[in-house]
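Commentary on secondary and tertiary structure
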Amino acid sequence: MPHAARRTVTLRDVAAAAGVSVATASRVLGGSSRAVAPEYERRVLAAASALRYTADAAARAMRRGSEAVTLVTDDLTTPAMGMIVSAMERQATMSGVSVTVSATRGALERQLETVSLLRALRPRALVLTSSRFRPDALDARLMDELRAYERAGGRVVIVGVTHRAFDSIGFDNDGAGRMLGAHLAGTGHRRVAILAGPGERANFAARVVGCADALRRGGVPARGIRVVPCEASRDGGYAAARRLIGRGLPGAVAAVSDVLAVGALTAFREAGVAVPAEVSVAGIDDIQLAQDLTPRLTTVALPLAHVGAEAIRLALRAAPGPENLMVRGSLVVRESTRP
């Protein structure tokens, strides 16, 4: 059966999605000399990206660049990403530019489509963040798109890993995992379950490696370390903790993100398992919720707001050549862990 032809997205569609007039959308995408309020410009560019307004159409329409900095990310629903985006918006506002956001769900093809479209819309800078990026190992097709965008005068910032080809901010995920493992081993735990998230998440994988190595170095026998894969969500942490309850409770749970730890705490509470009296629980990130839980969550705090502000600074700087930063976490001990 033949596939139905895909309907071409028109300027009228973009205007409707953005909640503006066709004339306003045309001014934003058509290079008009008439000024458009930053809020309207941001909405039009976001709608054009979400509707995948074709790059050819945008290229024909565009005659100027945008003052927007565009964030291309896997997922906007995670608390950690919310903290980064909020900090980006605050810093951008102080710098006189706007921030637009596109979510790709971590799919490479969607990343490529989004960057290709954004090249045509010509934002001032692109900030890309993904939990799947590995240091200096971007997909070759994505590299080609980003280099072409830079040759046209744009600036690229990679958040999450250090990448020598572009401005970048990396997290020391291995180090964060080591802090977590060293804390649990140092408080005497000898049976530890690591809630590892999905295996394809590069940031989580590095945290698991660091945590497991620090546990072993701290005297935890290999048989006392259990790595538990799970979905990268609150529900994933909840389901993993329920499995632990059914198969024998460890002395401590090390979650590679606070969101996983939140799910585990909920599962333990529902099952009548006391935290930390029966099991200690700790995470990584230090999201805002971590200090509002009962008990408050021990975690490795990552400077997420600082990273958001630094991403805008890098995106707007005029100096040539890439600047590569590495940020490290700090252990915050709260009531969810005890010896």
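Throughout what follows, the structure given in this document is the object of discussion.

The rules behind the values
Residues numbered from 1 in each chain as written. Predicted model: local features only at pLDDT ≥ 70, side-chain atom pairs only at ≥ 80, totals over all residues. Heavy atoms only, no water. Pairing = 2+ DSSP bridges. Helix = DSSP H or I, 4+ residues; strand = E, 2+ residues; numbered from the N terminus. Axes fitted to C-alpha atoms, helices over the stretch in contact; angles between N-to-C directions. Expected span 1.5 Å × (residues − 1). Buried < 20%, exposed > 50% of the residue type's maximum accessible area, 1.4 Å probe, protein only. Contact = heavy atoms within 4.5 Å. Salt bridge = Lys/Arg side-chain N within 4 Å of Asp/Glu carboxyl O. Core = buried A, V, L, I, M, F, W, Y, C linked by side-chain atoms within 4.5 Å. Phe/Tyr/Trp six-rings, centres within 6.5 Å; stacked < 30°, edge-to-face > 60°. Lys NZ or Arg CZ within 6 Å of the ring centre and 35° of its normal.

What follows deals with the sheet that holds strand β9 (residues 280-285). The sheet built from 6 strands is open, its strands ordered β7-β6-β8-β9-β10-β12 with mixed pairing. The open sheet terminates on both sides in strands that have one partner only, identified here as β7 (225-229) and β12 (330-332). With strand direction ignored, the average angle separating the axes of adjacent strands in the sheet is 20°. In this structure, strand β8 (residues 252-255) lies alongside β9, joined through 3 bridges in parallel fashion.

End to end, helix α9 (residues 202-217) covers 23 Å across 16 residues, agreeing with the expected 22 Å (1.5 Å per residue, within 8%). Those residues of α9 that fall on the buried side of the exposure criterion are A202, N203, F204, R207, V208, G210, C211, A212, D213, A214 and L215. If you follow the buried residues of α9, they end up packed against α8 (173-186), β6 (192-197), β7, β8 and β9.

Per the stated rule, a full pass over the model turns up 16 salt bridges. When the shortest N-O distance is used, the salt bridge between R313 and E323 registers 2.8 Å. Of the two residues, R313 is situated in helix α12 (residues 304-316) and E323 in the loop between α12 and β11 (324-327); the sequence distance between them amounts to 10 residues. Accessibility expressed as a relative area gives 25% for E323, which makes it partly exposed.

With 12 residues, helix α7 (residues 140-151) should cover 16 Å at 1.5 Å per step; its first-to-last C-alpha distance of 16 Å lies within 8% of that length. Those residues of α7 not exposed but buried are L142, M143, E145, L146, A148 and Y149. Downstream of α7 by one or two residues, G153 has phi in the positive range, about 110°.

If you look at the biggest cluster of nonpolar residues, it comprises 103 residues, and the most contacted ones within it are L146 and L195. Those residues in contact with L146 that sit more than four places away from it in its chain are V115, L126, L128, L138, V156, I158 and F166.

Here the focus is the side chain of R207. With respect to the helices, strands and loops of the structure, R207 is situated in helix α9. A relative accessible area of 4% places R207 in the buried class. With sequence-adjacent residues up to four places away left out, R207 is seen in contact with N173, G177, V256, S257, I284, D285 and L302.

Moving on, we come to the packing of aromatic side chains. Think of a pair of aromatic rings as described by two things: how far the centres are apart, and how the planes are tilted against each other in angle. Throughout the structure, instances matching the rule amount to 0 aromatic pairs. Taking NZ or CZ as reference, R201 lies 4.4 Å from the ring centre of F204, over its face.

Here we come to unusual backbone geometry. A cis amide bond, omega 10°, links V275 with the succeeding residue P276. Structurally, the position occupied by P276 is in the loop between α11 (258-270) and β9. The omega torsion across T294 and P295 is -5°, close enough to zero to call that bond cis. Locating P295 in the fold gives a position in the loop between β9 and β10 (298-301). Even without glycine at this site, D285 takes up a positive phi of about 135°. A positive phi angle, near 65°, is found at D286, a position not held by glycine.

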